[in-house]
Amino acid sequence: MTQTPSPTPSSGPTPVHWKLVVDAGDPHAQADFWAAALRYEVEDNSAFVERLLELGALPAAATVEFHGRRAFRDLIAVRHPDDPYDKERGTGLGRRLLFQRVPEAKSVKNRLHLDLHPGDGRRDGEVERLVGLGASVLRRVKEPAGEWVVMADPEGNEFCVQ
């Protein structure tokens with residue numbers, strides 16, 4: 001019986017690239033909120049959108065004017081400012097949130113949420129800043145395991161601030 005050697009980090013499978021997709025009634029407003037909340041950048045896909053329009057591969061009705069440039073009507077993403085991105089498409093290649101338009105409103109508790117960690121002693125200031133951006137405080141939690149604030153973004157998606 002032969003044994004297959006365990007993969008080493010350099011020869012093992014490549015990790016899967018991913019993004020978190022969030023359903024939204026207004027993806028562009030959500031992108032603005034979350035870009036400000038996380039201090040991320042809203043992706044600029046305008047060059048790619050314009051190229052698709054010129055080729056006839058994208059109807060004009062599938063676009064909107066957003067911050068003075070063409071954008072996809074039904075989706076937009078935010079990305080970490082230090083991560084790499086595809087300059088031709090404006091698409092992030094690292095940590096990203098993609099907001100996609102859906103017709104229905106949020107109706108039940110999230111099954112997945114973000115936990116924000118602003119740093120020791122900064123939770124209350126961060127909560128105030130997020131409220132100023134349009135979030136709301138749902139409840140404050142104090143348990144033996146720790147303290148956090150449960151909040152909702154402008155469309156009601158819950159997230160926590162540690």
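In short, a report on the structure. (Residues numbered from 1 in each chain as written. Predicted model: local features only at pLDDT ≥ 70, side-chain atom pairs only at ≥ 80, totals over all residues. Heavy atoms only, no water.)

Quick word on the overall build of the protein
Logical step 1: Of regular secondary structure, the protein possesses 3 helices and 12 strands.
Logical step 2: Scaling as 2.2 N^0.38, a compact globule of 162 residues should have a C-alpha radius of gyration of about 15 Å, whereas the protein reaches 19 Å, well beyond that.
Logical step 3: Over its C-alpha atoms, taken along the principal directions, the protein stretches across nearly 60 × 60 × 30 Å.
Logical step 4: Looking at the 162 residues of the protein, the share that counts as buried comes to 35%.
Logical step 5: Contacts in the protein between residues far apart in sequence, at least 24 positions, make up 59% of those at least 6 positions apart.
Logical step 6: A total accessible area of about 10500 Å² is found for the protein, and carbon and sulfur atoms account for 53% of it.
Logical step 7: Across the protein, the 21 positively charged side chains and the 25 negatively charged ones have centroids separated by 2 Å. (Helix = DSSP H or I, 4+ residues; strand = E, 2+ residues; numbered from the N terminus. Rg over C-alpha atoms; globule rule 2.2 N^0.38 Å. Buried < 20%, exposed > 50% of the residue type's maximum accessible area, 1.4 Å probe, protein only. Contact = heavy atoms within 4.5 Å. Areas by Shrake-Rupley, 256 points an atom, 1.4 Å probe, with all protein chains shown as cover. Lys, Arg positive; Asp, Glu negative; His and termini not counted. Charge placed at Lys NZ, Arg CZ, Asp CG, Glu CD.)

A short note on the environment of aspartate 23
Logical step 1: Among the secondary structure elements, aspartate 23 is positioned in strand E1 (residues 20–24).
Logical step 2: Residue aspartate 23 is classed as partly exposed on the basis of its relative accessible area of 38%.
Logical step 3: Taking the C-alpha atoms as reference points, aspartate 23 and alanine 105, 82 residues apart in sequence, are found 8.8 Å from one another.
Logical step 4: In contact with aspartate 23, not counting residues within four places along its chain, are Gln100, Val102, Glu155 and Asn157.

What about the nonpolar core?
Logical step 1: In this structure, Trp34, Val78, Phe99, Leu130, Met151 and Phe159 are the most contacted members of the largest nonpolar core, which totals 24 residues.
Logical step 2: Listed by contribution, the elements that provide at least two residues to this core are E1, helix H1 (27–38), strand E5 (75–79), strand E8 (96–101), helix H3 (123–133), strand E11 (146–152) and strand E12 (158–161).
Logical step 3: Here the element with the most residues in this core is H1; it accounts for 5 residues.
Logical step 4: With residues near it in sequence (within four places) discarded, leucine 130 still touches Phe33, Ala37, Leu116, Ala135, Met151, Phe159 and Val161.
Logical step 5: Residues Phe48, Val49, Leu52 and Leu58 belong to the second largest nonpolar core, which totals 5 residues. (Core = buried A, V, L, I, M, F, W, Y, C linked by side-chain atoms within 4.5 Å.)

Considerations on the environment of glycine 125
Logical step 1: Among the structural elements, glycine 125 can be located in helix H3.
Logical step 2: Under the relative-accessibility criterion, glycine 125 is labelled partly exposed at 46%.
Logical step 3: Glycine 125 sits 103 residues away from valine 22 along the chain, and the two C-alpha atoms are 26 Å apart.

A closer look at the sheet that holds E5
Logical step 1: With mixed pairing, the 4 strands of this open sheet are ordered in space as E1-E8-E5-E2. The open sheet is flanked by E1 and strand E2 (41–42), the only strands paired with a single partner.
Logical step 2: Bridge analysis of E5 against E8 gives 5 bridges, and the strand direction is antiparallel. The residue bridging isoleucine 76 from the neighbouring strand is phenylalanine 99, located in E8.
Logical step 3: Contacts from H1 reach E1, E2, E5 and E8 within the one sheet, and its direction differs from that of E8 by about 160°. (Pairing = 2+ DSSP bridges. Axes fitted to C-alpha atoms, helices over the stretch in contact; angles between N-to-C directions.)

Here's the deal with the packing of aromatic side chains
Logical step 1: In total, this model carries 4 aromatic pairs according to the counting rule given.
Logical step 2: Between phenylalanine 48 and phenylalanine 72 the ring centres are 6.2 Å apart and the planes differ by 65°, which places this aromatic pair in the edge-to-face class. Here phenylalanine 48, found in helix H2 (residues 46–55), pairs with phenylalanine 72, found in strand E4 (residues 69–72); they are 24 residues apart in sequence, far enough to count as distant.
Logical step 3: According to the relative accessible area criterion, phenylalanine 48 is buried, its value standing at 13%. (Phe/Tyr/Trp six-rings, centres within 6.5 Å; stacked < 30°, edge-to-face > 60°.)

So far we have only geometry, and geometry alone does not tell us how the molecule works.
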